[in-house]
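Each chain, letter by letter, is given below.
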Amino acid sequence: MLLPRALIAASALVLGACASSAPPPKAQPTPAPTAAAPAAPTPPPVAPGHLARVEVDRVLTTQGPPWLLRRVMSEEVLRHDGKFAGWRLVGLPEEWRGVDLKPGDVVSRVNGLPLETPDQFWEAWKSVAKATQIKIDLSRDGVARQVVIPIDGAPSADTASAIERGAGPPRAAAPPPTSRSVVLGGAGAEPGDDDAY
């Protein structure tokens with residue numbers, strides 16, 4: 001029975017030494033609450049088939065026409081006579097879900113402006129900065145139609161000014177080197193495509 005008493009005595013010595021050699025811990029002061037950075041305003045939800053102005057302005061000012069040509073319209077479409085017919089939509093960004101556009105649509109005008117040359121493409125691009133909607137003239141399955149996409153939110157004078165200060169149409173607005181031209185009515189074209197223009 002000596003062992004348990006010796007263990008208790010040793011424990012008491014250790015505890016006593018710890019208690020007498022170290023002062024009790026000091027309470028740390030509670031830091032004053034810091035002002036949280038204001039949260040970025042959450043844009044209102046966008047109705048199906050609409051685009052948010054904040055997203056449109058972001059693309060206009062930071063992405064430029066090459067973004068559109070790479071992600072959406074990388075295929076130039078020509079008529080049988082070799083004249084420009086439009087740009088075939090090859091894909092749509094996730095942000096455009098609910099918009100009445102489909103891969104295969106051939107877009108010829110935006111907000112009434114043709115898209116054949118880089119200068120024309122640039123003018124159409126600039127028009128979106130001041131517009132409350134985007135009007136797209138296109139052909140789908142050989143039938144001409146117009147799609148109107150409302151932009152939720154007022155046009156921004158800052159965005160329009162930033163676009164106007166641009167040095168003109170970026171040369172990248174011309175068909176990118178990886179694009180290909182397709183003749184309406186050629187392989188892979190929809191029946192009746194040549195009648196649409």
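Everything below is about the structure shown above.
Note that this is a predicted model, so its numbers are computed, not measured.

A. Highlighting unusual backbone geometry. A positive phi angle is found at Asn111, which is not glycine, with a value near 50°. Mapping Asn111 onto the fold places it in the loop between strand 4 (106-110) and strand 5 (113-114). On the basis of relative accessible area, Asn111 is assigned to the partly exposed category, the value being 21%. With a phi close to 55°, Asp141 is a non-glycine residue in the positive phi region. Within the element layout of this structure, Asp141 appears in the loop between strand 6 (133-140) and strand 7 (143-152). Under the relative-accessibility criterion, Asp141 is labelled partly exposed at 48%.

B. Quick look at the nonpolar core. Within the largest apolar cluster, 32 residues are counted, with the highest numbers of intra-cluster contacts made by Leu68, Met73, Trp96, Leu101, Leu115, Ile134 and Ile149. Elements that contribute at least two residues to this core include exactly helix 2 (53-63), helix 3 (65-71), strand 3 (84-88), strand 4, helix 4 (118-130), strand 6, strand 7 and helix 5 (157-164). With six residues, helix 4 is the largest single contributor of residues to this core.

C. Fine view of the packing of aromatic side chains. Overall, the coordinates contain three aromatic pairs when judged by the stated rule. Considering the side-chain rings of Phe84 and Trp87, the 6.2 Å spacing of their centres and the 65° angle between planes classify their relative orientation as edge-to-face. Each member of the pair, Phe84 together with Trp87, is buried. Seen in terms of ring centroids, Trp87 and Phe121 are 6.3 Å apart; in terms of plane orientation they differ by 80°. Their pairing is edge-to-face.

Here is what the cut-offs are and how they apply
Residues numbered from 1 in each chain as written. Predicted model: local features only at pLDDT ≥ 70, side-chain atom pairs only at ≥ 80, totals over all residues. Heavy atoms only, no water. Helix = DSSP H or I, 4+ residues; strand = E, 2+ residues; numbered from the N terminus. Buried < 20%, exposed > 50% of the residue type's maximum accessible area, 1.4 Å probe, protein only. Core = buried A, V, L, I, M, F, W, Y, C linked by side-chain atoms within 4.5 Å. Phe/Tyr/Trp six-rings, centres within 6.5 Å; stacked < 30°, edge-to-face > 60°.

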